[in-house]
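Commentary on secondary and tertiary structure
These are the residues of each chain, in order.
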Amino acid sequence: MTPDALRRSATADATPPPGLAGPVLALWWDARGDWDAAHAAAQAGEDAESAWVHAYLHRREGDLANARYWYRRARRSSPETSLEAEWAAIAAALLPVSPR
């Protein structure tokens, strides 16, 4: 699945595709505009990928101090890109590469 396909799925489908890992599921919920469900999915994981999405979500929320904490937990620096660009970068990094 590509980042664009994930975003289209969030727009078109009422339920997430089966088998999405927690951080990707959080991105799916975020693309649907459901911050609470996205936050719950990101918060459920204790890995660096979940922390990265968690940081992004707090950045989206405007809670930059909390976002900085989660970026540190993810071992990443706060980006200077738009939220949309960060979402796409995270999705590209976390989605499995599918054959063309």
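Residues numbered from 1 in each chain as written. Predicted model: local features only at pLDDT ≥ 70, side-chain atom pairs only at ≥ 80, totals over all residues. Heavy atoms only, no water.

**A short note on unusual backbone geometry**
- Residue Arg75 is not a glycine yet carries a positive backbone phi of 60°.
- As for its placement among the helices and strands, Arg75 is situated in the loop between helix H5 (64-73) and helix H6 (83-94). (Helix = DSSP H or I, 4+ residues; strand = E, 2+ residues; numbered from the N terminus.)

**Observations regarding the packing of helix H2 (residues 22-31) against helix H4 (residues 48-61)**
- The interhelical angle for the contact between H2 and H4, taken along N-to-C directions, is 20°, at an axis separation of 8 Å. Comparing their axes, H4 and H2 come out roughly parallel. Viewed along their axes, H2 and H4 form a crossing whose handedness is left-handed. Contacts between H2 and H4 involve Pro23, Ala26, Leu27 and Asp30 from the former and Glu49, Ser50, Val53, Tyr56, Leu57 and Arg60 from the latter.
- Broken down by class, the residue content of the contact of H2 with H4 amounts to six nonpolar, one polar and three charged. (Axes fitted to C-alpha atoms, helices over the stretch in contact; angles between N-to-C directions. Parallel < 35°, antiparallel > 145°, perpendicular 65-115°, else oblique. Left-handed = near helix turned anticlockwise from the far one by under 90°. Contact = heavy atoms within 4.5 Å. Nonpolar A, V, L, I, M, F, W, Y, C, P; charged D, E, K, R; others polar.)

**Focus on the packing of aromatic side chains**
- Applying the stated rule across the entire model yields two aromatic pairs.
- Ring geometry for Tyr69 versus Trp70: centroids 5.1 Å apart, planes at 85°, classification edge-to-face.
- Across the ring face of Trp87, the terminal group of Arg7 is positioned such that the distance to the ring centre comes to 3.8 Å.
- Between Arg76 and the ring centre of Trp52, over which it is positioned, the NZ or CZ distance is 3.5 Å. (Phe/Tyr/Trp six-rings, centres within 6.5 Å; stacked < 30°, edge-to-face > 60°. Lys NZ or Arg CZ within 6 Å of the ring centre and 35° of its normal.)

**Details of the nonpolar core**
- Among the nonpolar cores identified, the biggest contains 24 residues, and Leu6, Leu27, Val53 and Tyr56 are the most heavily contacted of them.
- Sorting elements by how many residues they give to this core places H4 first, with six residues.
- Residue contacts for Leu27: discarding those within four places in its chain leaves Leu6, Val53, Tyr56, Trp87, Ile90 and Ala91. (Core = buried A, V, L, I, M, F, W, Y, C linked by side-chain atoms within 4.5 Å. Buried < 20%, exposed > 50% of the residue type's maximum accessible area, 1.4 Å probe, protein only.)

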